[in-house]
Amino acid sequence: MSKKIRLGVLISGRGSNLQSVIEASKNGIIDADIAIVISDKKDAYGLVRAKENDIPTLFLSPKDYKNREDFDKKVVEELNNYKVDLVLLAGFMRIVTSALIEPFRNRIMNIHPALLPSFPGLDAQKQALEYGVKFSGCTVHFVEEGMDEGPIIIQAVVPVMDNDTVDSLSERILKYEHKIYPIAVQLFAEGRLKVEERRVKVLGKAAHHLGEKVLINPYLNRR
Ligand code: GAR
């Protein structure tokens, strides 16, 4: 088994993705420990989840900093204090600046509830539903400057049904968010992610591969 990497997880709210990483770490699915959870919201439920699992937590109030860069510099200082190898944005609803991205270039990931580059920003599931796409999903990517920007590591695709609501689609997508974030973390821990400009190559053999398989939705089944 490879040496365990140290994660810093940044959150703003519910923390269900944080929970999936906590479980994956506890169950030995990923060779990673969460060293610190940082929130920009005092009442983020994710902080409770971290405390319940004896993970150090920190609340940093954006109001205490004169601009985004200063806030991000403080985040970097804390991540370094906790000797973090990989940063995970997990429902961290702030635009991050170069002050955070540069020191962690290709060592900072984000999860987004859409098939990027479609529907970045807030309410991605609502955007997808209103646009009328027949598939949506979720994306884990390395973070670059810009909203939900950066080389894509892994995506999961889910169908959009005619009777979907924002809630039902969000729930379907979330289930797969919880699957793909731990996979991305483990690929990183194994040193298998190679960034070549926009593309992330996965070194070694994938557990499964879609090959030429395609998905069609809706499907007309003619006899
Ligand atoms: C997740 O759906 C995540 O993909 C999304 O916020 C939610 C956080 O839920 N992130 C973004 O929209 C980033 N642009 P969680 O707190 O339960 O993990």
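First, a word on scope: everything that follows refers to the structure included in this document. Computed from a predicted model, the values in this text were never measured in an experiment.

**As for the site of the ligand**
All residues in the neighbourhood of the ligand are listed as Arg14, Gly15, Ser16, Asn17, Gly91, Met93, Ile111, His112, Pro113, Gly121, Asp148 and Glu177. Bound to the protein, the ligand loses 90% of the 450 Å² it would expose on its own. Counting only elements with at least two residues in the shell around the ligand, the list comes to helix 1 (16–26) and strand 5 (108–112). Along the lines of polarity and charge, the residues of the shell around the ligand split into 3 nonpolar, 6 polar and 3 charged.

**Some details on the environment of Lys205**
Positionally, Lys205 belongs in the segment after strand 9 (199–202). The class of Lys205 is exposed, set by a relative accessible area of 74%. Note: C-alpha distance between Lys205 and Asp40 (165 residues apart in sequence) is 38 Å.

**Here's the deal with the packing of helix 1 against helix 6 (residues 166–189)**
Across the interface, helix 1 lies against helix 6 with an axial gap of 9 Å and an inter-helix angle of 45°. Looking at the two axes, helix 1 sits oblique to helix 6. The handedness of the crossing between helix 1 and helix 6 comes out as right-handed. Seen from helix 1, the contacting residues are Ser16, Asn17, Ser20 and Ala24; seen from helix 6, they are Leu174, Glu177, His178, Tyr181 and Pro182. Residue composition of the contact of helix 1 with helix 6, by class: 4 nonpolar, 4 polar and 1 charged.

Cut-off values and rules
Residues numbered from 1 in each chain as written. Predicted model: local features only at pLDDT ≥ 70, side-chain atom pairs only at ≥ 80, totals over all residues. Heavy atoms only, no water. Near = heavy atom within 4 Å. Areas by Shrake-Rupley, 256 points an atom, 1.4 Å probe, with all protein chains shown as cover. Helix = DSSP H or I, 4+ residues; strand = E, 2+ residues; numbered from the N terminus. Nonpolar A, V, L, I, M, F, W, Y, C, P; charged D, E, K, R; others polar. Buried < 20%, exposed > 50% of the residue type's maximum accessible area, 1.4 Å probe, protein only. Axes fitted to C-alpha atoms, helices over the stretch in contact; angles between N-to-C directions. Parallel < 35°, antiparallel > 145°, perpendicular 65-115°, else oblique. Left-handed = near helix turned anticlockwise from the far one by under 90°. Contact = heavy atoms within 4.5 Å.

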